Amino acid sequence: MVFAAPNQALARAEEVLGSEPSPLHASVAHQVIGIWQRDWGDMRIALDHLRRARDLGARSESPDREADALAALGVALVHAGRTRQGLESLERGVAVSSGHTRAQVLFRRAYASWVLGHHREALEDVRRAVPVLRQAGDVIWTARALTLRATVHLALGAVERADADFTAAEALWDTTGQEHDKADAVESRGLAAYRSGDVPAALRLLDEAQERYAKLGTPMFMLTIRRCEVLMAAGLAPEALAEADAAIKVLDGIGGQSTRKAELLLAAARAARHAGDAHTAIARADMAVRLFAGQRRTWWETHARLVLIEARVAAGRGSGRLVADAAAVADRLASFGAPAAPEASLLAGRIALGLGWREDARRHLEVAARSRRSGPPLARMTGWAAQALWARAAGSDRRVLEACRRGLDVLDDHRTTLGASELRARATAQGAELAALAARASLASGGPRRLLVWSERWRATVLTAPPTRPPADPALLSDLTAFREIAARAEEARMEGRPVPTLEREQRRLEREIRSRTLHMRGDAPGDGYRFDPGVLLERLGDDVRLVELAVLDGRVQVLLCAQGRVRRFEGGLLADAEREAEHVQAGLRRLAHPGAEARLPVVEAAGRRLEELLLGPAAAQLGSGPVVVVPPGRLHQVPWALLPSLRERVFSVSPSASSWLRARETAPPYGGRQVLVRGPGLASGGAEVPELAGRYGSATVLEHDDARVPRVLEELDGATLAHIAAHGTFRADSPLFSSLRMADGPLIVHDFERLDRSPYRIILSCCDTARFASVGADELLGLVTALLPLGTAGVVACSAPVNDEAVVPLMLALHKGLSAGASMAEALRDARGSLPGDAVHQATGWAFSAFGAA
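What you see is a predicted model; the values in this text were computed from it and never measured.

Draft legend 1. The overall build of the protein, seen in detail. Each helix and strand in the protein was counted, giving 36 helices and 16 strands. Compactness check: the protein gives a C-alpha radius of gyration of 31 Å against a globular reference of 29 Å for 855 residues, within 12% of the reference. On the principal axes, the C-alpha backbone points of the protein span a range of 100 × 65 × 50 Å. Within the structure as shown, the protein displays about 33000 Å² of accessible surface, and the carbon and sulfur contribution to it stands at 49%. Charged side chains in the protein number 108 positive and 104 negative. The centres of these two groups are separated by 5 Å.

Draft legend 2. Structural view of the pattern of salt bridges. In total, this model carries 60 salt bridges according to the counting rule given. A salt bridge links Asp207 to Arg227; the nearest nitrogen and oxygen atoms lie 2.7 Å apart. Separated by 20 residues along the polypeptide, Asp207 in helix H11 (residues 199-216) and Arg227 in helix H12 (residues 221-233) bring together distant segments of the chain. The same class applies to Asp207 as to Arg227, namely buried. Close ionic contact of Arg484 with Asp745 constitutes a salt bridge, the shortest N to O distance being 3.8 Å. A residue pair is termed long-range when its members are at least 10 positions apart, and Arg484 in helix H24 (residues 474-495) and Asp745 in the loop between strand S10 (740-743) and strand S11 (746-749) qualify at 261 residues. Salt bridges here are not isolated pairs; linked through shared partners, they connect Glu402, Arg405, Arg406, Asp409 and Arg457.

Draft legend 3. Just unusual backbone geometry, in detail. Located in the positive-phi region is Glu20, a residue other than glycine, with phi close to 50°. With respect to the element layout, Glu20 can be found in the loop between helix H1 (6-17) and helix H2 (23-40). The class for Glu20 is exposed, based on a relative accessible area of 78%. The phi dihedral of Gln564 falls on the positive side, at around 50°, and the residue is not glycine. Take Gln564: it is sitting in the loop between strand S2 (556-563) and strand S3 (566-574).

Draft legend 4. Looking closely at the sheet that holds strand S9 (residues 729-730). Read across the open sheet, the 3 strands follow the order S9-S10-S11; overall the sheet is antiparallel. In this open sheet, the two strands that pair with only one neighbour each are S9 and S11. For S10 and S11, the ladder comprises 4 bridges, and the chain directions are antiparallel. For Arg742, the partnering residue across the bridge sits in S11 and is Pro747. Here helix H31 (residues 710-717) sits on the sheet in contact with S10 and S11, set at roughly 30° to S11.

Draft legend 5. Here's a closer look at the packing of helix H20 (residues 377-393) against helix H21 (residues 397-415). Where H20 meets H21, the axes come as close as 8 Å, and the angle between the chain directions of the two elements is 165°. Relative to H21, the element H20 lies roughly antiparallel. Here H20 and H21 pass one another in a crossing that is left-handed. Contacts between H20 and H21 involve Pro377, Arg380, Met381, Trp384, Gln387, Ala388, Trp390, Ala391 and Arg392 on the former and, on the latter, Arg399, Val400, Ala403, Cys404, Arg406, Gly407, Val410, Leu411 and His414. Residue composition of the contact of H20 with H21, by class: 11 nonpolar, 3 polar and 4 charged.

Draft legend 6. Region of the structure containing the pairing of S3. Pairing geometry for S2 and S3, over 7 bridges, is antiparallel. Bridged to Cys562 within S3 is Val567. Two successive antiparallel strands, S2 and S3, enclose a turn made up of 2 residues, where Gln564 displays a positive phi of approximately 50°.

Draft legend 7. Structural detail: the pairing of strand S4 (residues 628-631). The alternating pattern of S4 places Val628 and Val630 and Val629 and Val631 on opposite faces, both of which are buried. Sheet topology places strand S1 (residues 546-553) next to S4; 4 bridges connect them, and they run parallel. Looking at S4, one finds that Glu549 is bridged to Val631. Relative to strand S5 (residues 652-654), S4 runs parallel, the two being bridged by 3 bridges.

Draft legend 8. Structural context of helix H28 (residues 601-615). Between its first and last C-alpha, H28 extends 21 Å over 15 residues, near the 21 Å set by a 1.5 Å rise per residue. Considered for burial, the residues of H28 that qualify are Leu601, Val604, Ala606, Ala607, Gly608, Leu611, Glu612, Leu614 and Leu615. Turning to H28, the residues buried within the fold contact S1, S2, S3, helix H27 (575-592) and helix H36 (840-848). Directly after H28, the chain includes Gly617, whose backbone phi takes a positive value near 55°.

Draft legend 9. Inspection of the nonpolar core at higher detail. Residues Val2, Leu333 and Cys404 are the most contacted members of the largest nonpolar core, which totals 149 residues. If near-sequence neighbours (up to four positions away) are discounted, Leu333 is found in contact with Thr302, His303, Leu306, Ala338, Ala340, Ala341 and Ala344. Ranked by size, the runner-up nonpolar core spans 100 residues in total, among them Ala642, Leu756, Leu815 and Ala840.

Draft legend 10. Looking closely at the environment of Ala240. On the secondary structure map, Ala240 appears in helix H13 (residues 237-254). A sequence separation of 204 residues divides Ala240 from Trp36, and the C-alpha atoms of the two residues are 27 Å apart. Excluding residues within four positions of it along the chain, Ala240 makes contact with Cys228, Leu231, Met232 and Ala271.

Draft legend 11. Spotlight on the packing of aromatic side chains. According to the stated counting rule, one finds 7 aromatic pairs in the structure shown. Aromatic pair Phe3 and Trp40: ring centres 5.9 Å apart, planes at 70°, arrangement edge-to-face. Of this pair, Phe3 sits in the segment before H1 while Trp40 is found in helix H2, placing the two residues 37 residues apart along the sequence. Residue classification places Phe3 among the buried residues on the basis of a relative accessible area of 15%. Given the relative accessible area of 4%, Trp40 is considered buried.

Draft legend 12. Summary view of the packing of H12 against H13. At a closest axis distance of 8 Å, the pairing of H12 and H13 adopts a crossing angle of 165°. In this view, H12 runs roughly antiparallel relative to H13, as classed from their interaxial angle. Considering the relative orientation of H12 and H13, their crossing is left-handed. Residue-level inspection shows Phe221, Thr224, Arg227, Cys228, Leu231 and Met232 of H12 in contact with H13, the latter providing Ala237, Glu239, Ala240, Glu243, Ala244, Ala247, Val250, Leu251 and Ile254.

Draft legend 13. Expanded view of helix H16 (residues 298-314). The terminal C-alpha atoms of H16 lie 24 Å apart, and with 17 residues this matches the ideal 24 Å at 1.5 Å per residue to within 8%. Taking burial as the measure, the 17 residues of H16 include 12 buried ones, the bulk of the element. Of the positions making up H16, those classed as buried are Trp299, Trp300, Glu301, Thr302, His303, Ala304, Leu306, Val307, Leu308, Ile309, Glu310 and Ala311. At the exit of H16 stands Gly316, carrying a positive phi of roughly 85°.

So, how was this worked out
Residues numbered from 1 in each chain as written. Predicted model: local features only at pLDDT ≥ 70, side-chain atom pairs only at ≥ 80, totals over all residues. Heavy atoms only, no water. Helix = DSSP H or I, 4+ residues; strand = E, 2+ residues; numbered from the N terminus. Rg over C-alpha atoms; globule rule 2.2 N^0.38 Å. Areas by Shrake-Rupley, 256 points an atom, 1.4 Å probe, with all protein chains shown as cover. Lys, Arg positive; Asp, Glu negative; His and termini not counted. Charge placed at Lys NZ, Arg CZ, Asp CG, Glu CD. Salt bridge = Lys/Arg side-chain N within 4 Å of Asp/Glu carboxyl O. Buried < 20%, exposed > 50% of the residue type's maximum accessible area, 1.4 Å probe, protein only. Pairing = 2+ DSSP bridges. Contact = heavy atoms within 4.5 Å. Axes fitted to C-alpha atoms, helices over the stretch in contact; angles between N-to-C directions. Parallel < 35°, antiparallel > 145°, perpendicular 65-115°, else oblique. Left-handed = near helix turned anticlockwise from the far one by under 90°. Nonpolar A, V, L, I, M, F, W, Y, C, P; charged D, E, K, R; others polar. Expected span 1.5 Å × (residues − 1). Core = buried A, V, L, I, M, F, W, Y, C linked by side-chain atoms within 4.5 Å. Phe/Tyr/Trp six-rings, centres within 6.5 Å; stacked < 30°, edge-to-face > 60°.

Shown next, in the form of structure tokens:
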């Protein structure tokens, strides 16, 4: 009963102990309390009860009762870090039991072996236990044994065998009322889905398991460890680190299992390393190594040592000693049959290369490269990375590019299984090293044109296809509606000066629900096989248009100028310097949005000149007189490009990639020519341009006041030719897909836009911060504009900084005047800037807006 209804079982056991039970019954009751405390409570209390259960079992003169209590005690001792005593108790349990009970004890010993990382011993005990349990007709224990055997198979990389056992176990669980065991089975299926490369299914199953455990009131730290593993694979390392650290705090608070604490520390160390926090990774991994060593868990200790070495290398501590340490870890992992062995060999080879030890590097990298042919996607990528590194060391640019191409193809296939744009964007981080290797090799062997091809190969790839949309998911729609209502109430309370902590907590909960549901979505279509062709780009650019793609190589900006049938390369400044200057410019624009800051105008203009030197260098003098398309890397999309002197009076647009610009250029406007004008609440100007535009367009749909509610706005935006939205915009750096525009009934968020069948062909966002993005993954962007581009929008005008609402009105009216005359978005915006008054507020407003796309 303790794994069917844990809290009821605990209460029943306490009732039994209060009724002067016989030694036999008292032994059972103490064992139930001990199991409950072992798995969900205080280990000291658990050990006390389980020792009493063992002693009472011996007094009951029932060998099977004593053996059962010895087995439960043995598992608890192992979890408490007292490995020798735990194994002795389990050995004693096997010795005094027979038949059906011995099979149950063998299962417990197999479980302890799995905890310790002794996988072959675990499989042997399960092999002996399963036939006896089946013959006895013991459905519950047979299902437990199959679930354990599947979990051990996963640890050894045997995914197909694990699937077979999980399927058989699940069929058995369906015939029982063991709710906790059922939740554990769902959790295990989530782990299997992850190991087979299906991240959305893994997240969905782990979330389902979490809901089941929550209903039972049983905290499960193993679930947190597995969630962290999946979150890291999805590129969500900071979240994995936060979850692991929170679980460690809870575990310490209840005096829980020492073994789980060590595993959580290892998960936290891995997450910190993936998140770029080398020093936290070192601290967590070092603690995990010491705990695993004290628990005599060599398999786990070796994995923790791998993370510790990786973190030390990331902190700049490469040395000959670390090469030897990594090689020893690789050999030990290989002897265990652990799937992480190639990762350790790659690490040893990478350190050796850095030290100039070519022969050592070749040996280790060749071993790591064997994994490129089979296994889950990230393991195959490890193999291709090893192949590329050795090819670079051997001086073969052709082999480097081939290995990088193959490795990135593996990652492309993996990304197509992900439905959520956030997951697809973050997953690209796994290919950052391959992309950088390819960029260096392409420049060395093929010049600017080949560098352009590789820059495009790994730039804004998520924008090449729309995200998977679940418009029929009633739970998601309900959560979005509830989120909007709560957010609106919280905003109203803040404006009235009332406290909002309860509303904010509910808003955060709903955000987690919405995000969780979107992360569960699986990609519903394979990639379209699109490959960027520089010849097609140069043909479409013609003689007048110039496209400037900024690539970053070893921290320096490389300017690729595409025009008049050729690609030329110029060198800019350091990316870090450009980022700092862009931050200064953004701060200046924020100041200039308010009257009285005119003295800052020359300072901001000077910063614009410095930015041009850093970002365009000598290429600024080669832009000719025609239109320009700027393709910046993700980390430079906050630049207000109109502030650069060479672009200030020019027609220019911005695009996340050259491929994205080509797609936008080839996008045809929808039939019908509908215009939609939306005015949200709370603008200082009242959205004054909207009534004037309504008069100009005549037949436009105007949504304002109570009509400007999110469901109606989305309905009208879907498939429109032109949309203009005047509303307060909010950018969420912590969660970019919750960036929003304020409507009458609450925020219109990026997740809402992703539900459109087709976003407007042209959209003007007369709002603050709508052109701000979060740079994630290798070179991906998450934000409002990037949500629209894959959904059919060919042109966007948006703002990268807070602006003066009243100064926006004349800019918008002039912009629409140009559009009505047949100008493109970029042409109309250039002319609108030129028509503004010359004061600082209006000039800053004009600079803050950019045209994106090609319409």
